[in-house]
Amino acid sequence: MTELILDRDQFTESGALSVETVTYVHHWTDSLFTLRITRPSSFRFRSGEFIMIGLPGDNGKPLLRAYSMASPSYAEELEFLSIKVQDGPLTSRLQHIKVGDPIYLGKKPTGTLVTDALLPGKRLFMLSTGTGLAPFMSLVRDPEIYNLYDEIFIVHSVRQVEELAYRELLESQLEGDPLLEDEDRARFHYVPTVTREDFHTTGRIGTLIDNGKLFEKSKGPKHFVPDEDRVMLCGSMAMIKDHAADLEQRGFTEGSNSQPNQFVIERAFVG
């Protein structure tokens, strides 16, 4: 995701920014953290969408960046997952944010990592690297998604084990979630993989697809089936481009909000 610097007048004078308050901060590692902020009563979004958040800049203009909501659409607060870029215009500041601090929030969520952009199917695979996990945390905690698929998978690839944000929650199959039924959680499968350390599953996502490990927990075929499977991609630009090309070679067609199909990516983050 590319950091964006946008003109203050474009937002504040048009009423497109609100000022919210940070309510929670958790640092997973020295380079990865989660924050939650207050949610305006009028703010609506679909699980999987993104929004602009930011802080005031030195020049009087807000520093804004697109962040996927990690919280489901019904949540009372908005949650985000961020990396720390030491020389990043926004994240170099955002990483020091504390509970009670103010933060800018946009008013127009959007995005294609939503179920509306996919055709009906039997299995949903959400493939992520790094902070690309965020929109899938939103989706998998939304009870509505479990009415659409027989099985739902979150695949999260990181370099080191400590970067597996939300690991304990996901390994528990979202135990304790107030809105998910036991049968919902039974449909959910978490597949973490690590590329630079020893772990029970290692290798990039493409390796897990090719050797079948991605499908080990599934009751269905041990490979992708375009007529039945639906796929969402979120992560680095290289990962998205590689897997989008791979899916197309396997017979999948990319979908959008206006024309749902078999797989989707978040094009706002792809150059």
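As a reminder, the structure under discussion sits directly above these lines.
Below is a summary of the structure that appears in this document. (Residues numbered from 1 in each chain as written. Predicted model: local features only at pLDDT ≥ 70, side-chain atom pairs only at ≥ 80, totals over all residues. Heavy atoms only, no water.)

## Description of the overall build of the chain
Quick note on the threshold: By definition, any uninterrupted DSSP run of H or I lasting at least four residues is a helix, any uninterrupted run of E lasting at least two residues is a strand, and each is numbered from the N terminus. Atoms counted for the radius of gyration: C-alpha only. Globule rule: 2.2 Å times the number of residues to the power 0.38. Using a 1.4 Å probe on the protein chains alone, a residue whose accessible area is under 20% of its type maximum counts as buried, one over 50% counts as exposed, and one in between counts as partly exposed. Any two residues whose heavy atoms approach within 4.5 Å are treated as being in contact. Using a 1.4 Å probe, accessible areas were evaluated by the Shrake-Rupley method; residue-level cover was limited to the displayed protein chains. Positive charge is attributed to Lys and Arg, negative charge to Asp and Glu, and no charge count is given to His or to the chain ends. Charged groups are reduced to one reference atom each: NZ for lysine, CZ for arginine, CG for aspartic acid, CD for glutamic acid.
A count of helices and strands for the chain gives seven helices and twelve strands. For the chain, whose C-alpha radius of gyration is 18 Å, the value lies close to the compact-globule estimate of 18 Å for 271 residues. When its C-alpha atoms are laid out on the principal axes, the chain stretches across 55 × 40 × 40 Å. Counting across all 271 residues of the chain, residues that qualify as buried make up 54%. If you take every contact in the chain between residues at least 6 apart in sequence, the share linking residues at least 24 apart comes to 73%. Summed over its atoms, the accessible surface of the chain is roughly 12,400 Å², and 47% of this surface lies on carbon and sulfur atoms. Within the chain, one finds 29 positive and 40 negative side-chain charges whose respective centroids are separated by 2 Å.

## So, the packing of aromatic side chains
Condition: Stacked, edge-to-face and tilted labels apply to pairs of Phe, Tyr and Trp rings (six-membered ring for Trp) whose centres lie within 6.5 Å, assigned for plane angles under 30 degrees, over 60, and everything in between, in that order. The criterion is that NZ of a Lys, or CZ of an Arg, lies within 6 Å of the ring centre and within 35 degrees of the ring normal, and then a charge sits over that ring.
Going through the model one piece at a time under the given rule, you end up with eight aromatic pairs. Seen in terms of ring centroids, Trp28 and Tyr166 are 5.0 Å apart; in terms of plane orientation they differ by 55°. Their pairing is tilted. Of this pair, Trp28 sits in strand S2 (residues 17-29) while Tyr166 is found in the loop between strand S9 (151-158) and helix H4 (167-171), placing the two residues 138 residues apart along the sequence. For Tyr166, a relative accessible area of 6% translates into the label buried. Plain terms: the ring middles of Phe43 and Phe45 are 5.9 Å apart, the flat faces sit at 45° to each other, and that makes the pair tilted. Given the relative accessible area of 5%, Phe43 is considered buried. Members of the aromatic cluster, connected to one another through ring pairs, are Phe125, Phe153, Phe215, Phe224 and Phe252. When the ring centre of Tyr24 is taken as origin, the NZ or CZ atom of Arg36, which lies over that ring, is 4.0 Å away. Sitting over the face of the ring of Tyr67, Arg65 holds its NZ or CZ atom 4.8 Å from the ring centroid.

## Thoughts on unusual backbone geometry
The phi angle at Gln173 is positive, at roughly 55°, despite the residue not being glycine. Here Gln173 is to be found in the loop between H4 and helix H5 (182-186). Judged by its relative accessible area of 30%, Gln173 is partly exposed. A positive phi angle is found at Leu174, which is not glycine, with a value near 65°. Relative to the helices and strands, Leu174 is located in the loop between H4 and H5.

## Some details on the pairing of strand S8 (residues 123-129)
Note on strand geometry: in a regular strand, side chains alternate between the two faces of the sheet. Stated precisely, the cut-off is as follows: Pairs of strands are assigned from DSSP output, requiring at least two bridges between the strands. Here the term right-handed applies to a crossover when the path leading from its first strand over the helix to its second strand runs clockwise, the strands being oriented away from the viewer.
In terms of residue burial, S8 counts as a mostly covered element, since seven of its seven residues are buried. Residues of S8 alternate between two faces, with Arg123, Phe125, Leu127 and Thr129 on one and Leu124, Met126 and Ser128 on the opposite face, all of them buried. Of the pairings in the sheet, the one linking S8 to S9 comprises seven bridges and is parallel in character. Residue Ser128 lies in a different strand from S9, and its bridge partner there is His156. Remark: the S8/helix H3 (residues 134-140)/S9 crossover connection has right-handed handedness. Looking at chain direction, S8 and strand S11 (residues 229-234) are connected through six bridges and run parallel. Bridging from a neighbouring strand, Phe125 pairs with Val231 of S11.

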